[in-house]
Amino acid sequence: MNELIVIGIISFLVSVVSGILGLGGAVILIPAYLYIPPVFGMHSLDIKTISGITSIQVLATAVIGAFVHNKSGNVNKKLLLYIGIPMMVSALGGALFSGLIAGRYIIMAFTVMAAVGAVLMFINTGKDDVSVTAENLSFNKAAALAAAVIVGFFGGIVGAPGAFLLAPVMITILKIPVRITIGSTLGIVLFTALTASIGKALSGQVNYLFALYAVAGSAAGVVIGSKISSRLDAKVLRISLAVIIIGIAIEMGIRAFQ
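These remarks concern the structure in this document. (Residues numbered from 1 in each chain as written. Predicted model: local features only at pLDDT ≥ 70, side-chain atom pairs only at ≥ 80, totals over all residues. Heavy atoms only, no water.)

1. Topic: the packing of helix H5 (residues 103-121) against helix H6 (residues 141-158)
The geometry of H5 relative to H6 is characterised by a closest axis approach of 8 Å and an angle of 140° between their N-to-C directions. It follows from the interaxial angle that H5 and H6 lie oblique. Every pair of crossing elements has a handedness; the one defined by H5 and H6 is left-handed. Here Ile106, Ala109, Phe110 and Met113 of H5 lie close against H6, whose contacting residues are Val151, Phe154, Gly155, Ile157 and Val158. Within the contact of H5 with H6, the residues separate by chemical class into eight nonpolar, one polar and no charged. (Axes fitted to C-alpha atoms, helices over the stretch in contact; angles between N-to-C directions. Helix = DSSP H or I, 4+ residues; strand = E, 2+ residues; numbered from the N terminus. Parallel < 35°, antiparallel > 145°, perpendicular 65-115°, else oblique. Left-handed = near helix turned anticlockwise from the far one by under 90°. Contact = heavy atoms within 4.5 Å. Nonpolar A, V, L, I, M, F, W, Y, C, P; charged D, E, K, R; others polar.)

Shown next, in the form of structure tokens:
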């Protein structure tokens, strides 16, 4: 099968999941791009090429997904301001720094982020306060700022905005309800994906033809996923997010230490 078609298919399928769970998609895209192409007889993509493609694709996914979730009333604008902008700056620093380190360390950074996110998902399993909406939401702004800087930097290194770690942090530490976390995370991802993409491009890590097909595949997938998300129970969303993050953390941990 043509390499570009395979990239487009992977992008579409992953973006459906991204829209459902509020992830930029990198937590699934990176291992998918590592393991699926060889199944179709293609050469494996190296991690720096993958992280470059992913940064561009996640940007497109975030733009569309945030728009759809905002229409459903699940995006808090203050979260976008207090987390999105600091993450945007730190993600640029991480993306530029990634050009100076070996691919093995990028994989290790990704693995650590996924592992921490997986642990956080099981620290607080209580129910969301149904009285909290995107309009009346309050949160610890200092904690939000600190989380933004740390997650953004490591997200920039791996070519991902870090939503797979940010979402657990928002749910567990900042006590943001699941639906608002999912909707707002995609808006935040928009900020960080922009600077991560710029950093990857400036350091020569983006294959633009691959990225074009990846973006084309993600456009339809994230719309479908976002609409499905609004119909699912919050508990189902939380469990699904936890399972995916745990699975990816285990898989990438094995790969990092091979």
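There is more to say, and it comes next.
2. Structural notes on H6
Here H6 spans 26 Å end to end across 18 residues, near enough to the 26 Å set by a 1.5 Å rise per residue. Taken as a whole, H6 has its buried residues at Ala144, Ala147, Ala148, Val151, Gly152, Gly155, Gly156, Ile157 and Val158. Residues of H6 that are buried make contact with helix H2 (26-39), helix H3 (47-71), helix H4 (77-98), H5, helix H7 (163-172) and helix H8 (178-202). The N-capping residue of H6, defined by a side-chain oxygen 3.1 Å from the backbone nitrogen of Ala142, is Asn140. (Expected span 1.5 Å × (residues − 1). Buried < 20%, exposed > 50% of the residue type's maximum accessible area, 1.4 Å probe, protein only. Polar contact = N/O pair within 3.5 Å; in protein donor to acceptor, adjacent residues only side chain to side chain.)

3. Digging into the packing of aromatic side chains
Within the structure shown, the criterion is met by three aromatic pairs. Between the aromatic rings of Phe97 and Phe153, the centroid separation amounts to 6.0 Å while the plane-to-plane angle is 35°, which identifies the pairing as tilted. Residue Phe97 is located in helix H4, and its partner Phe153 is located in helix H6; the two are separated by 56 residues in the primary sequence. Given a relative accessible area of 37%, Phe97 falls into the partly exposed group. Ring centres of Phe153 and Phe154 lie 5.7 Å apart, and the angle between their planes is 85°; on these two criteria the pair is classed as edge-to-face. Looking at Phe153, the relative accessible area reads 30%, which means it is partly exposed. Put simply, the rings of Phe97, Phe153 and Phe154 touch in pairs and so form one group of aromatic residues. Between Lys141 and the ring centre of Tyr82, over which it is positioned, the NZ or CZ distance is 5.5 Å. Its guanidinium or amino end placed over the ring of Phe139, Lys141 lies 5.2 Å from that ring's centre, counting from NZ or CZ. (Phe/Tyr/Trp six-rings, centres within 6.5 Å; stacked < 30°, edge-to-face > 60°. Lys NZ or Arg CZ within 6 Å of the ring centre and 35° of its normal.)

4. Regarding the side chain of Ser15
Examined against the element boundaries, Ser15 turns out to sit in helix H1 (residues 3-21). Using a relative accessible area of 1% as the deciding quantity, one classes Ser15 as buried. There is a polar contact of 2.8 Å between the side chain of Ser15 and the backbone oxygen of Ser11. Setting aside residues no more than four positions away along its own chain, Ser15 makes contact with Gln57, Thr61, Ser218, Gly221 and Val222.

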